[in-house]
Amino acid sequence: MPLTKSKFRQDCMQKTKYANKYNKFYKDYILNKKLLTLLKSTKRVNVLFYYPLENEADIRKTLQKMRKKHNVFLPFMEGKSFKMVPFRLPLKKKKFGIFEAGNTLRDIKKIDIAVVPVVGVDGNLQRVGFGKGMYDRFFEKLQKRPYTIFIQTELCYTKEKICDAYDVTGDIVITTKKDLKNRSNNKRI
């Protein structure tokens, strides 16, 4: 029986559910260190981060440090997708338990780097997310594709190509133990 995207998502969520409980602080420390090292070399200024849920990699330390020198944005839910809003406090807990900054009238369409949580990735380094398609719809609206960094605590990867054409493709996947680079994209930060 061939591997399907929904089966792979289910397997990855099961794997990360138990892995996230073991040494979570240490794993988050490693991920923040790797991400900050990758982002420090950049001169680009517009970065989209996510604010972590309990089962995602906690990148808040990097988010706070990057905020000092760069324009940092967070997703703000709108219907079946989201828009970017500047990261500013206080954050409010919204749908799905996601913390969001306040809404803005600014229509931000250009970012240089996107830091995106993933459940798993396939052979094309395409994202398998939580199944809502919000990042796919968001990336479709952007004028220019940003350098995309996928983050996950434990690598959940299949060599098979199970994603759809509209699924977001990453330039690099950062995990605690192993990083994967997309060889078909020659983009650099």
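Residues numbered from 1 in each chain as written. Predicted model: local features only at pLDDT ≥ 70, side-chain atom pairs only at ≥ 80, totals over all residues. Heavy atoms only, no water.

Focus on the side chain of Q152
Convention followed: We count a stretch as a helix when DSSP gives it H or I for four or more residues in a row; a strand needs E for two or more, and each element gets its number in order from the N terminus. Any residue under 20% of the maximum accessible area for its type is buried, any over 50% is exposed, and the rest in between are partly exposed; the area is computed with a 1.4 Å probe on protein chains only. Residues adjacent in sequence count toward polar contacts only when both atoms are side-chain atoms; beyond that, a polar contact is any pair of N or O atoms within 3.5 Å, and within protein one must be able to donate a hydrogen and the other to accept it. Should any heavy atoms of two residues lie within 4.5 Å, those residues are considered in contact.
Structurally, Q152 is set in the loop between β9 (147-151) and β10 (172-174). For Q152, a relative accessible area of 2% puts it in the buried group. At a separation of 3.0 Å, a polar atom in the side chain of Q152 contacts the main-chain carbonyl oxygen of V119. Among the polar contacts made by the side chain of Q152, one reaches the main-chain carbonyl oxygen of E154 at a distance of 3.2 Å. Look past the residues within four positions of Q152 in its chain and what remains in contact with it is L31, V118, V119, G120, V121, V173, I174, T175 and T176.

Some thoughts on the pairing of β9
So the rule is basically this: Two strands make a pair as long as DSSP finds a minimum of two bridges between them.
Summarising burial for β9: five of the five residues are buried, a large majority. Neither face of β9 is left uncovered, since the one carrying Y147, I149 and I151 and the one carrying T148 and F150 both have all their residues buried. The sheet contact formed by strand β6 (residues 113-117) and β9 spans five bridges and is parallel. Residue pairing for β9: P117 is matched across the bridge by I151. Relative to β10, β9 is paired through three bridges, and the arrangement is parallel. Opposite I149, over in β10, you have I172 as the bridge partner.

Brief notes about the state of the cysteines
As a reminder of what qualifies: By convention in this document, the label disulfide applies to cysteine sulfur atom pairs within 2.5 Å.
A complete count under the given rule lists one disulfide for this structure. Here C12 connects covalently by a disulfide to C156, the sulfurs 1.9 Å from one another. Its S-S torsion of about -85 degrees marks the bond between C12 and C156 as left-handed, since a negative value means left-handed. Separated by 144 residues along the polypeptide, C12 in helix α1 (residues 5-19) and C156 in the loop between β9 and β10 bring together distant segments of the chain.

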